[in-house]
Amino acid sequence: DLVGEDLARALQTARARGFNPTVTSWEHSLDRADGVVVSQEPSGGSTVKKGSALRLTVSKGPPAEGSDGALTPEGTARSGEEQAPGEQREPVVTIDPGHQAIDARPEWSDPGMTRRVPAEEVFEGVVTGNPEYLVALDIGMKLKDLLEKDGVSVVMTRESSTVDLTDVTRAEIAANAASDLYVRIHCAGSTNPAKNGMRTLYPARSRWTEAFYEDSKTAALYVQAALVKSCRAPGGGVADKRDAPAFNWSKVPVIEAEVGFLTNVEDDERLSDDEYRSEVAWGLRNGISRYLSGQ
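Residues numbered from 1 in each chain as written. Predicted model: local features only at pLDDT ≥ 70, side-chain atom pairs only at ≥ 80, totals over all residues. Heavy atoms only, no water.

S.K.: How do you make sense of a nonpolar patch on the surface when you look at a structure like this?
M.R.: Residues Val126, Val127 and Val265 make up a contiguous nonpolar surface patch of about 230 Å² in total accessible area. Residue placement: Val126 occurs in the loop between β9 (116-117) and α2 (132-149). When its relative accessible area of 48% is taken as the criterion, Val126 is described as partly exposed. (Patch = residues over 30% accessible without salt bridge, like charges linked within 9 Å, V, L, I, M, F, W, Y side chains within 5 Å. Areas by Shrake-Rupley, 256 points an atom, 1.4 Å probe, with all protein chains shown as cover. Salt bridge = Lys/Arg side-chain N within 4 Å of Asp/Glu carboxyl O. Helix = DSSP H or I, 4+ residues; strand = E, 2+ residues; numbered from the N terminus. Buried < 20%, exposed > 50% of the residue type's maximum accessible area, 1.4 Å probe, protein only.)

S.K.: Looking at this structure, I do not really get the side chain of Gln100. What am I missing?
M.R.: As for its position among the elements, Gln100 is in the loop between β7 (92-97) and β8 (107-108). Engagement of the side chain of Gln100 in a polar contact is seen with the backbone oxygen of Ile102, the distance being 3.2 Å. Here Leu165 takes part through its backbone nitrogen, which lies 2.8 Å from a polar atom of the side chain of Gln100. (Polar contact = N/O pair within 3.5 Å; in protein donor to acceptor, adjacent residues only side chain to side chain.)

S.K.: Hey, could you run me through the nonpolar core in this one?
M.R.: Within the largest apolar cluster, 37 residues are counted, with the highest numbers of intra-cluster contacts made by Ile185, Val259, Leu271, Val280 and Leu284. If you list the elements that add at least two residues to this core, you get β7, α2, β10 (153-156), β11 (181-188), β12 (198-203), α4 (213-231), β14 (254-261) and α7 (274-293). In terms of residue count, α4 provides more of this core than any other element does, seven residues in total. (Core = buried A, V, L, I, M, F, W, Y, C linked by side-chain atoms within 4.5 Å.)

S.K.: Whenever I open this one, unusual backbone geometry confuses me. Can you help?
M.R.: Negative phi is the rule for most residues except glycine; trans is the rule for most peptide bonds. Between Glu41 and Pro42 the backbone carries a cis peptide bond, its omega angle lying at 0°. Turning to its location among the elements, Pro42 is positioned in the loop between β2 (37-41) and β3 (53-59). One non-glycine residue, Met113, lies in the positive phi region at around 55°. Its place among the elements puts Met113 in the loop between β8 and β9. Positive phi, normally seen in glycine, also occurs at Ala178, with a value near 50°.

This is how it looks when you write it as structure tokens:
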């Protein structure tokens, strides 16, 4: 029985028990927090064969005042109404604040299990000592608030640092939500303390990413331009990245914004300022909005 569990833990538990979990809908809930399993089919206590599908309904949190109902990942229906022909569903963005307090493990680079890659290094501020996972989480929560005010449905891979999520699981959360864009937020690091600025990554073209390669690159270009403008920061451009599990296991357009070098004194000090992190969130929001609008 996974009802009441947060989605990431529910997916991991179901797979560990030999099931094939899938999120079939997201719905508003007055008594379940955003990202928590509301119901499942078959229900807890049922007897089924190992390997069976397990269909989950997940909370979007309480509805905004004057609204109600559920949104399926495909946006085909809301509770209490039918979607009119040509009606646009609200866009879905999954925000993934990079890393966590718990040490990550090596993962397969792609669904073909080409090779095992080590977990990415978690950087700390050279002056402040601020860990990357806290900086990324704060920016991610600020971005969530901005996008929701724009009418975007936001899915967070995490809202605390005590989770234990693999990059593969994070990519699956974005895919299960049928996200229009999967946004990873990270900081960067370098052995060269003078290296600074921000850049945006997108998946290298491969058999795993071909379906969303062009859209990912377009989103990266929009977001990079908006970040540099909003933060008045040095720009490192956009670049593709290979052997990244979060990219190769994705099934939706995905980017990774590296919002500054924690190994650089100036970047570290800027990212320790709450107002500057808000500017970063605004830059991300502006780039994402431009991508979603197709302009």
